[in-house]
Amino acid sequence: MSDISREHDFDVVVVGAGTAGLPCAIHAAQGGAKVLLLDKDPKIGGTLHVTGGHMAAAGTRRQAERGIEDSAELHLADIQRITQGTAREDLVTVVAQNAAATIEWLQDRDFPFAPETPRIVYGHEPYEIARTYYGKDEGVSILEVFQAELDRTVAEHDLTVWTASPVTEILQDSEGVATGVSVLRGGDEVEVTARAVVLATGGYGADAELFQELEGAPLVSAAARTSTGDGLHLGMAVGARLQGAGTYLPTFGGLPDPQSPGRANWNDRQRLTSERPPREIYVDMDGKRWVREDEESIDEKERALVGIPDQTFWTIFDDAALALSTGTMNEMIVGLEPDAVRAVADTRVGVHSASSLDELARKAGIDPAGLVSTVETYNSYVAAGEDPEFGRTYLPAPIAQGPFYAVRNHAITLVTFQGLDIDAEFQVRDEAGEVIPGLYAIGEVIGAGATCGNSFCSGMLTTPALTFGRLLGTRLATA
Ligand SMILES: Cc1cc2nc3c(=O)[nH]c(=O)nc-3n(C[C@H](O)[C@H](O)[C@H](O)COP(=O)(O)OP(=O)(O)OC[C@H]3O[C@@H](n4cnc5c(N)ncnc54)[C@H](O)[C@@H]3O)c2cc1C
């Protein structure tokens, strides 16, 4: 059933009420446009419900109050160093130049900054200057500010919000100009017209099929369940081209989710080497080591992880190492003291224990001969005080005192790297590199590769999503 009426004619339609869509719709409406904000989910927020919500900006009031000297130029140089020049220079320049205003906008609305911010965050390749900010409740702190601002904007401006309303098609005229969208509302197909259509639908970390097609890799996901790649499908259906091929990077690892195969809990993971020196070794399914475990760069390890079978590895350690892994930031598995690890061994999916390495390998699904041989070789390196194979220098003790443990880790997808190609004005481009008039894309739908390249650069997804949303919304209000 089709229902076309004046009631469904807007200046701007924003598809996706998440990190990028919320500021875009709010700024467009506050600037005087008649705006429709749509989300397929019954609630707004998208990834803001699960994200760490780290943001990065230089030259803010908060930095000045703490005596931190910084500038957009230094931020940009740091982004280029961390991404090794693999991000889109035009887009990261826009982020670096406008991120401070995003942070000020939040501060002016009583954003509850975590008191220790801005700080340098070491989970990935760190910035040189303290410029990462987050809220006391991570992404939810950002969402709460936007919920209040959205309510105020709906009351005072021409902003309509439809939730539980998935967009199924982009409408175009005979010249190829985007003229609106088809949306399912209460079971009916409704056609909405607008002079600007903004895709802010997020990534595809919850779409195993599209993920396999684009990355050719198995998907273990910690992305929001709403990240189903709809924007990529919608855009490609009107000829949009993708960017970001080859930039995919998983995060280092996480334990399998006991309830949902194919998903992982981002916080349920081993302690990283950047957090504590490793007493364990990492082996693949052949029982072979594949990286220098004490490599400090988590990005280097993530790049190595992409190359091993099934992107799965096991941390192998003995009871003597486990006994020493006690206290905050020193555990083998985040939040689990030695007795808790012993207790979950063989009851929790992916955590195994055995009195011999051979039996351990059989339980875990690792090649037994490979594991036994690798541990023997590793122990000989410990005795010699040198690891000629990988150059590991932290060799505290042999893996010799049973019981032995194996904890399975799989590369986790938090964000997805390919997405719709846009120009620096956020207009979607087609296969020929020409702009599709009336069609815009912001947020993870443009691919994490656009602003992070082949790396994880602190805050360089949340900040671009919020900043591009604010800039585009403001621009579309007056266009
Ligand atoms: C666990 C986790 C931690 C992270 N931590 C950080 C961090 O600390 N710093 C950082 O920079 N980045 C981080 N990220 C990434 C960052 O949070 C996301 O890239 C960003 O929030 C995505 O914003 P978005 O607006 O593109 O998508 P979302 O916020 O996911 O919004 C998309 C919205 O579109 C809706 N939608 C989808 N399809 C349709 C459709 N067909 N019709 C209508 N609506 C639709 C969805 O329901 C959703 O509400 C993290 C991600 C995860 C998963």
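Residues numbered from 1 in each chain as written. Predicted model: local features only at pLDDT ≥ 70, side-chain atom pairs only at ≥ 80, totals over all residues.

1. Structural notes on the site of the ligand
What counts, and what does not: Each residue gets a C-beta atom placed from its backbone. Should that atom fall within 6 Å of a molecule or strand, the residue is termed near it. The way it works is that DSSP assigns letters per residue, a run of H or I at least four long becomes a helix, a run of E at least two long becomes a strand, and they are numbered from the N terminus. Residue polarity is assigned by list, with Asp, Glu, Lys and Arg as charged and Ala, Val, Leu, Ile, Met, Phe, Trp, Tyr, Cys and Pro as nonpolar; anything else, Gly included, falls into the polar class.
Lining the immediate environment of the ligand, one finds 42 residues, of which G16, G18, G46, G202 and G443 sit closest. The greatest single-element share of the shell around the ligand, amounting to 3 residues, is contributed by helix 14 (residues 462-478). Classifying every residue of the shell around the ligand by side-chain character gives 19 nonpolar, 18 polar and 5 charged.

2. Thoughts on the environment of E300
Inclusion rule: The burial label depends on the number of other C-beta atoms within 10 Å of a residue's C-beta. Counts of 20 or more mean buried, 12 or fewer mean exposed, and intermediate counts mean partly exposed, with C-beta atoms placed from the backbone.
Along the chain, the position of E300 falls in helix 8 (residues 298-305). The class of E300 is partly exposed, set by 13 C-beta atoms lying within 10 Å.

3. Regarding the packing of helix 3 (residues 72-82) against helix 4 (residues 89-108)
To keep things clear, this is the line we draw: Throughout, an axis means a line fitted to C-alpha atoms (over the contacting stretch in the case of helices), and angles, computed between N-to-C directions, take values from 0 to 180 degrees. Each angle is binned into one of four classes, with values under 35 degrees roughly parallel, values over 145 roughly antiparallel, values of 65 to 115 roughly perpendicular, and all other values oblique. When the near helix sits turned anticlockwise from the far one by under a right angle, the crossing is termed left-handed; a clockwise turn instead gives a right-handed crossing. By definition, residue pairs are in contact when their C-beta atoms, positioned from the backbone, come within 7 Å.
Relative to each other, helix 3 and helix 4 sit at 140 degrees, their axes nearing to 8 Å. Relative to helix 4, the element helix 3 is oriented oblique. For the crossing formed where helix 3 meets helix 4, the hand is right-handed. Contacts between helix 3 and helix 4 involve A72, H75, L76 and I79 on the former and, on the latter, V92, T93, A96 and Q97. Looking at the contact of helix 3 with helix 4 residue by residue, the class counts come to 5 nonpolar, 3 polar and no charged.

4. What about helix 8?
Applied cut-off: What the arc covers is the set of directions going from the helix axis to the C-beta atoms.
All buried positions along helix 8 are accounted for by I298, K301, E302 and L305. In a view along the axis of helix 8, the buried residues occupy a sector of 100 degrees, so they form one face of it. As for helix 8, its buried residues are in contact with strand 11 (251-254) and strand 15 (404-412).

5. A closer look at helix 7 (residues 230-237)
Side chains that are three or four residues apart share a direction in an α-helix, a result of its 3.6 residues per turn. Considered for burial, the residues of helix 7 that qualify are D230, G231, L232, L234 and G235. Residues of helix 7 that are buried sit in contact with strand 7 (167-172), strand 9 (188-199), helix 6 (208-215), strand 16 (419-420), strand 17 (427-429) and strand 18 (435-441). One or two positions beyond helix 7, positive phi appears at G239, with a value near 90 degrees.

6. Comments concerning unusual backbone geometry
With an omega of 5 degrees, the peptide bond between T117 and P118 qualifies as cis. Structurally, P118 can be placed in the loop between helix 4 and strand 5 (132-133). The backbone of Q84 sits at a positive phi, close to 50 degrees, despite the residue not being glycine. With respect to the helices and strands, the residue Q84 is situated in the loop between helix 3 and helix 4. Among the residues examined, Q84 registers 12 C-beta atoms within 10 Å and is labelled exposed. Positive phi values are uncommon outside glycine, yet M329 reaches one of about 70 degrees. If you trace the backbone, M329 turns up in the loop between helix 9 (319-324) and helix 10 (338-344). What makes M329 exposed here is the crowd of 9 C-beta atoms within 10 Å.

7. Focus on the domain arrangement of the chain
For interface size, the figure often reported is the accessible area lost on association. The cut-off we apply is this: Domain start and stop positions are those given by an automatic or database domain assignment.
Partitioning the chain into structural domains gives domain 1 (2-242 + 415-478) and domain 2 (251-412). One C-alpha centre belongs to domain 1, the other to domain 2, and the line joining them spans 36 Å. On the domain 2 side, the residues contacting the 13 residues of domain 1 number 15 residues. Looking at the side of domain 1 that touches domain 2 residue by residue, the class counts come to 8 nonpolar, 4 polar and 1 charged.

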